[in-house]
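Fold and geometry: a report
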Amino acid sequence: MAATPWEGELPAQLKERFGSEIGECASYLGQNFVVARPDAVIPILEFLKLEADFDYLVDITAVDYPNRAERFELVYILYSYGRNERVRVKSMIADGAKPPTAVPVHTGANWLEREVFDMFGIEFAGHPDMRRILLPEEWEGFPLRKEYSIIKQDDRWVKENLGIESGQ
Amino acid sequence: MPETTFLDSTELVLNMGPQHPSTHGVLRVILKLDGEKVNGTECVIGYLHRGVEKIGENRTYQQFAPYVDRMDYVAAVSNGLGYCLAIEKLLNIEAPPRAQVTRVILTELNRIASHLLWLGTHALDIGAITPVFYCFREREEVLKIFENYCGARLTTHAFRIGGLQYELYDGFEEQVKAFCEMFLPKVDEYEELLTHNRIWVARLKGVGILSGDECKEFGVTGPVLRAAGVKWDLRKAQPYSGYEQYDFEIPTGENGDTYDRYLVRMEEMRQSVRIIRQAVAKIPTGPIGKTPKVIKPATGEVYVSIEAPKGELGYFVVSDNSTQPYRLRVRPPSFVNLQALDRMVRGGLVADVVAIIGTLDIVLGEVDR
């Protein structure tokens with residue numbers, strides 16, 4: 001089953017407001033999503049929050065597609081308490097690109113973006129505290145990138161801090 | 001008179017944890033103190049990071065299922081339910097009715113077990129020693145049901161994608177009914193110990209207030225959100241596993257303080273009993289579902305979430321039409337809720353930090369994954 005176009009009032013509003021910034025409004029298994037240009041993501045989140053009542057930022061995450069020119073897909077999952085609806089906002093960004101932070105729109109984006117940075121190495125421009133969150137600050141490498149093998153680790157860090165050759 | 005006072009009042013930085021009993025695991029909180037007043041905090045987390053999401057990408061859909069139990073290990077059944085529902089959604093299948101009702105019973109029992117562990121340790125943190133013994137006594141009865149059902153007490157792996165692994169054992173209904181019968185008066189007993197206890201009230205009322213708007217701002221869900229007066233529960237808002245068939249209330253608070261969160265969770269245990277009683281009275285006969293031998297969902301992605309004891313637990317799964325998830329993201333309620341800690345403790349007293357960590361009901365296995 002492939003994604004079908006998402007019809008309705010909201011996608012129409014989004015297309016009218018953001019025009020060519022929006023690539024695709026679609027549904028997969030009843031779940032709606034919007035694909036947008038990276039620069040438009042924060043204005044879209046703002047629009048959805050203020051004018052469409054999507055006031056709850058559920059999650060921010062990324063997916064790594066190393067073979068694509070713009071290898072990371074950023075995914076923002078939103079929910080509206082008033083409408084009882086979910087929508088996902090997605091955008092593709094290249095390695096090294098610095099997408100703007102969502103913290104001014106949703107305070108809760110802070111840790112979620114830090115985790116994306118920690119795992120994928122995507123830096124968010126304007127983030128108040130862009131540091132690793134789960135891994136040690138001196139750790140090298142970004143584990144959720146596809147080239148990072150499941151048994152790989154930062155050998156130097158493990159040796160220096162744990163005094164062992166390998167954590168495996 | 002000396003030129004300077006004997007003691008300069010400078011800001012004190014105090015380190016709490018990671019080895020600290022009241023942080024319920026390995027949470028490190030760095031506190032900035034002005035006397036007893038908290039001026040700011042920083043959470044250092046990740047001590048239990050095991051790379052669950054990376055493991056997910058390197059296991060088949062079936063192989064990964066037991067791993068989810070190790071995130072929120074006091075509510076393993078809920079984790080398993082969320083995972084199974086997410087993969088079922090991806091496959092566009094549904095568990096048969098008998099499996100769904102059984103899932104509801106076990107998940108609600110697990111909610112009770114999780115809340116009991118919270119209550120016991122939260123009260124212990126604040127200095128009430130008795131409740132923890134009572135809570136663990138009753139929690140034991142829930143764990144016995146799990147053990148009889150699937151052989152495990154904590155990391156149960158009770159469900160399978162597409163249904164259940166095991167048929168219900170003989171005497172399951174009776175044991176669950178007997179538990180409900182026994183448990184309801186116990187909740188009243190806990191309340192007698194605590195609800196109007198002057199010390200308990202003094203330590204909890206007005207402490208760690210988080211308003212409904214602040215909860216939404218941070219994405220905080222679960223009992224913390226409900227205690228702030230927002231009547232929102234995924235079991236009602238977007239029912240799954242047939243929750244729409246059951247008659248139950250969503251308890252809410254008014255002030256969003258630690259005391260209201262306590263009352264909300266107490267009432268949630270009663271409501272869980274209510275759901276279990278309805279479910280156990282009408283377990284349908286029929287198949288319990290079968291896990292497909294090979295799980296190879298079509299290319300696509302879904303986000304599925306459930307109301308776990310701690311809040312919204314979500315799974316975002318991306319499939320590339322292979323037997324392993326291309327990407328598996330867990331949206332953990334504890335991680336998101338913990339972010340609000342700083343807002344809740346700022347301006348309060350250092351002794352309240354312990355109460356507020358307790359009331360957030362975090363499990364570090366889930367925060368760190």
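Starting from 1, residues in each chain are numbered consecutively following that chain's sequence as written. The order in which chains are written sets their letters, starting at A; the order in which ligands are written sets their numbers, starting at 1. The predicted nature of this model means local features are confined to residues of pLDDT at least 70 and side-chain atom pairs, given and counted, to a pLDDT of 80 or more, with totals for whole chains, interfaces and linings taken over all residues. The basis for every side-chain value is the complete set of heavy atoms in the structure, and neither hydrogens nor water enter the calculation.

By the criteria applied, helices consist of DSSP H or I runs no shorter than four residues and strands consist of E runs no shorter than two, each listed in order from the N terminus. Looking only at helices and strands, one finds 15 helices and eight strands in chain B. C-alpha atoms define the radius of gyration in this analysis, and the globule rule sets the expected value at 2.2 Å times the number of residues to the power 0.38. Over its C-alpha atoms chain B spans a radius of gyration of 21 Å, differing by no more than 12% from the 21 Å that the globule rule assigns to 369 residues. Oriented by its inertia axes, the alpha-carbon framework of chain B measures out at about 85 × 45 × 35 Å. With 369 residues in all, chain B has 61% of them scored as buried. Remark: exposure states derive from per-residue accessible area (1.4 Å probe, protein chains only) relative to the maximum for the residue type, with buried under 20%, exposed over 50%, and partly exposed in between.

For the rest of this paragraph, the subject is the environment of Phe-335 of chain B. Residue position: Phe-335 of chain B is located in helix α12 (residues 333-338). For the pair formed by Phe-335 of chain B and Val-220 of chain B, sequence separation is 115 residues and the distance between their alpha carbons is 9.5 Å. Apart from the residues within four sequence positions on either side, Phe-335 of chain B is in contact with Trp-111, Leu-112, Glu-115, Ile-133 and Leu-134 of chain A together with Ile-45, Val-367 and Arg-369 of chain B. In what follows, a contact means two residues having at least one pair of non-hydrogen atoms within 4.5 Å.

This part is about the domain arrangement of chain A. Residues and elements named next belong to chain A. These domain limits were set by an automatic method or by a database of domain assignments. Looking at chain A, the domain boundaries give domain 1 (4-134) and domain 2 (138-168). Summarising the inter-unit geometry, the C-alpha centres of domain 1 and domain 2 are found 30 Å apart. When two components associate, each loses some accessible surface as probed by a 1.4 Å sphere; the sum of these losses over both components is called the buried area. Together domain 1 and domain 2 conceal approximately 820 Å² of surface at their shared face, both sides included; 53% is due to carbon and sulfur atoms. The term salt bridge refers to a pairing of a side-chain nitrogen on Lys or Arg with a carboxyl oxygen on Asp or Glu at a separation within 4 Å. Where domain 1 touches domain 2, the interface holds two salt bridges. Arg-145 is the salt-bridge partner of Asp-95, the closest N and O atoms lying 3.0 Å from each other. Any pair of N or O atoms that falls within 3.5 Å is considered a polar contact. Within protein, one atom must be able to donate a hydrogen and the other to accept it, and sequence-neighbouring residues count only if both atoms are side-chain atoms. One can count seven residue pairs in polar contact (both at pLDDT 80 or more) joining domain 1 with domain 2. Considering every element that reaches the side of domain 1 that touches domain 2, the biggest residue donor is helix α3 (residues 109-120), with four residues. Lys, Arg, Asp and Glu make up the charged group, whereas Ala, Val, Leu, Ile, Met, Phe, Trp, Tyr, Cys and Pro make up the nonpolar group; the residues left over, Gly among them, are polar. A breakdown of the residues in the side of domain 1 that touches domain 2 according to their chemical character gives five nonpolar, one polar and five charged.

Below, the discussion takes up the interface of chain A and chain B. Residue-level contacts link 46 residues of chain A with 48 residues of chain B. When the two sides are added together, the surface that chain A and chain B hide from each other amounts to roughly 3900 Å², 53% of it contributed by carbon and sulfur. Three residues stand out in chain A for area buried against chain B, namely Tyr-81, Trp-111 and Leu-134 of chain A, and they jointly supply 18% of the buried area on that side. Scanning the region where chain A abuts chain B turns up eight salt bridges. Across the chain A-chain B interface, the total number found is 30 residue pairs in polar contact (both at pLDDT 80 or more). Within the residue set of the side of chain A that touches chain B, elements represented by two or more residues are β4 (56-64), β5 (72-80), β6 (85-93) and α3 of chain A. With nine residues, the top contributor of residues to the side of chain A that touches chain B is β4 of chain A.

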